[in-house]
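# Residue-level structure breakdown
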Amino acid sequence: MDISNIDYSERIPNNVDLRSDRRLQRALERWQPNYLDWWRSMGPEGFQEDHVYLRTAISVDAKGWAHFDYVKMPDYRWGIFLTPSENDRKIAFGDHLGRDAWDQVPGEYRNLLRRIIVTQADTEPASVEQQRLLGQTAPSLYDLRNLFQVNVEEGRHLWAMVYLLHRYFGREGREEAEELLERQAGNPDKPRILNVFNEPIEDWLSFFCFAMFTDRDGKFQLGALAESGFSPLARTTRFMLTEEAHHLFVGQTGVERVIRRTAEMMNGDDDANVRPLGGIPLDLIQRYINRWFSLSLDLFGSEVSSNAATFFAQSLKGRFDETRRHEDHRALDEGLIIPVVRGGKLINEEVPLRKAMNESLRDSYIADCEKALVRWNRELKKAKLTYRFTLPNRRFHRHQGEYADHFFSPEGDLMDEMDWRAREDEWLATSDDRAYVASLMECVIEPGRFANWIAPPKRGINNQAIDHAYVKFSGHDRK
Ligand SMILES: [Fe+2]
Ligand SMILES: [Fe+2]
C-alpha cells in the first residue's frame, strides 16, 4: 500500500496497515467507543451536533495532507498516521549513535519508553478537558472553529500515542490507554500528570496564551521524540508536529490580535485607559504572558536531571532538531553553565551536558517564544506606542527544578519571599484581572463579526473569507 495515503474505508482510519494485525485492530476497536464516550462527556460542551469547517489528514505528505470540510465533531475521523519509515534508518544520538534504529521496543528500555509515551499522551486529552467550556464565549466563528480544530487534533494525538501503547506494550500498554481516559484535568482525585494541564483555561486570553506557550512546549517535546532511536515513536511524533504548527499559529496570532485591538483603542496615547472602551490593557496582557510562560517552562523538568541524561544516553529522546542543530551527538565532553542557588546566592555551576538536556530543550523553546514577542512588539511600534512586552526570566515563578523553592523577580534576581509576595500582583494575572477578562467574554456567532476586545485575523482559514460561516449550527438551543 502507499504509505502516504490514509485508508478511510476502515473503522479506524490509518496508514499502518492495521488490517493485517487483527488482534491489534480489535483491541483498538474496543478502545474506540470509550474514546468517543470521553469525547462526548469531556469534549467541547454544547457543539457536538454542529457542522464545523475542519481539516482532516488525508495523507502524510509534507505538502497538501489536509482536506477541509464540514464535520460534526463526534464524526471526525480520528486515526493513526505515521510518516513513512526510512530504509536503513540509523540512531542519531546517544550511546547507540550510528547503530540501526529500532522498529521494536528494546526490552531493557521498555518501562522508560512507556513512561515517556504516557506522559506525552496524557497532555493531549487534558487540554481538551481544560478548554471544554470555551466555545460558549467564542469571540467569533473563526475563533470557534480554530478552537475545535485544536481540540479534535489533540484527540488525534491521543490516538497517535494510544496506538503505540497498544501495538508495542502489550497488556500494560492497553491498561495505560484506559487510564488516559480516566484521569481528568483539574480532578483532585485523579488529576492529569503534569501540573499546567490541571490549570483551568477559563477565558480566551488564557486559551491563546496556552496555545502559544503550552502547546509550544509540545512542539519541543515532540521534536525531541522525533529524534528517538525507536522509529515508530519518531514517525508518529513527526506527523503530530505538522498538526501542532496550526495550534501555535492560533495562539500566537490570537494574542497578537488582542494586542492590535488594544493598540487601536489607545490611538497612539501611551496613557490611554482602554477599560472604559472594553479593551484589555497591555499590562494585563503582560501578566497573562508571565503566568502562562512560567507555568509552561516547568514542563521541561529539572535543570539538572539524571532522567534526562538517561533518556539521551539510551537514544530514546534527543535534543530539538538533533541532527541539524548539533554536531556532537554523544554529548559526552561538553558542559552547560547553569545558575543555581547555593547558600542564598545565585552562582554558576557547570553541569555535564547530558544532565542538562532539559535545559538545552528549554533554551530552544525560549528562543522560539522570543520570536513571537518580536512580532507582538511590532504591533505596538506600528501603533506608535512605547510599551513593550517581555518574557520574564526563566527563573521567575517556577514550581519545578532548581528555582522552585526560591523567589525571583521577572528580571531573574533572587528575592526574599516577603518582597516577592508584595509585588506578585504587578507580575502575575490577579483574580481582578481574570474577573475583568471574564466580564468581556461574550459569544459572537454572526459570520464576520468579532468581539470588541479582539481584532479580526488578517485572513481566513484555507483561503476562505473572514466572514465565512466556519461553524453551521444545527438549530438546537444554545445556552
Ligand atoms: Fe497535541
Ligand atoms: Fe497542540
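Along each chain, the written sequence defines residue order, and numbers are assigned to residues from 1. Going through the entries in the order they are written, you letter the chains from A and number the ligands from 1. Per-residue local features are limited, in this predicted model, to residues with pLDDT of at least 70; the limit for side-chain atom pairs, both in listing and counting, is 80 or more; totals at the level of whole chains, interfaces and linings are taken over all residues.

## Thoughts on the sheet that holds strand β2 (residues 66-72)
- When DSSP finds at least two bridges between two strands, those strands are taken to pair. Only DSSP runs of H or I with at least four residues qualify as helices, and only runs of E with at least two residues qualify as strands; both kinds are numbered from the N terminus onward. If you walk across this open sheet you meet the three strands as β2-β1-β7, and the pairing is antiparallel. Single-partner strands in this sheet number two, and they are β2 and β7 (471-472).
- Packing against the sheet, helix α3 (residues 141-168) makes contact with β1 (51-57) and β7, and its axis sits at approximately 40° to β1. Residue pairs are scored as contacts if the distance between their C-beta atoms, which are placed from the backbone, is within 7 Å. Axes, fitted as lines to C-alpha atoms, cover a helix only where it is in contact. Angles between the N-to-C directions of the axes lie from 0 to 180 degrees.

## Notes on the environment of I338
- Within the secondary structure layout, I338 lies in strand β3 (residues 335-342).
- I338 sits in the partly exposed class, given 17 other C-beta atoms within 10 Å.
- Along the sequence, I338 and E402 sit 64 residues apart, while their C-alpha atoms lie 9.5 Å from each other.
- Apart from residues lying up to four places away in sequence, I338 is in contact with E303, V304, E349, V351, A356 and E359. Our exposure labels follow a C-beta count within 10 Å of each residue's own C-beta, placed from the backbone: buried means 20 or more other C-beta atoms, exposed means 12 or fewer, and partly exposed covers the counts in between.

## Here's the deal with the nonpolar core
- The term nonpolar core means buried Ala, Val, Leu, Ile, Met, Phe, Trp, Tyr and Cys residues held together as one set by C-beta atoms within 7 Å. In this structure, I117, V162, F208, C209 and V258 are the most contacted members of the largest nonpolar core, which totals 112 residues.
- The element contributing the most residues to this core is α3, with 15 residues.

## Considering the packing of helix α6 (residues 231-266) against helix α10 (residues 357-382)
- Relative orientation of the contacting elements α6 and α10 amounts to 20°, with a least axis distance of 9 Å. When the axes of α6 and α10 are compared, the pair comes out roughly parallel. For α6 against α10, the interelement crossing comes out right-handed. Taken together, the residues of α10 that come into contact with α6 (itself represented by Q252, V255, E256, I259, R260 and A263) are A372, R375, W376, E379 and L380.
- Of the residues in the contact of α6 with α10, the class split is six nonpolar, one polar and four charged. When describing relative orientation, an angle under 35 degrees is termed roughly parallel and one over 145 degrees roughly antiparallel, while 65 to 115 degrees is termed roughly perpendicular and anything else oblique. For any helix crossing, the convention is left-handed if the near helix is rotated counterclockwise from the far helix by under a right angle, and right-handed if that rotation is clockwise. Residues were grouped as follows: Ala, Val, Leu, Ile, Met, Phe, Trp, Tyr, Cys and Pro as nonpolar; Asp, Glu, Lys and Arg as charged; and all remaining residues, including Gly, as polar.

## Some words on the environment of E175
- Within the secondary structure layout, E175 lies in helix α4 (residues 170-180).
- Judged by the 12 C-beta atoms lying within 10 Å of it, E175 is exposed.

## Observations regarding unusual backbone geometry
- The phi dihedral of D88 is positive, around 65°, even though this residue is not glycine.
- Examined against the element boundaries, D88 turns out to sit in the loop between β2 and α2 (110-130).
- Unusually for a residue other than glycine, H397 sits at a positive phi of about 55°.
- By secondary structure assignment, the location of H397 is in the loop between α10 and β5 (407-408).

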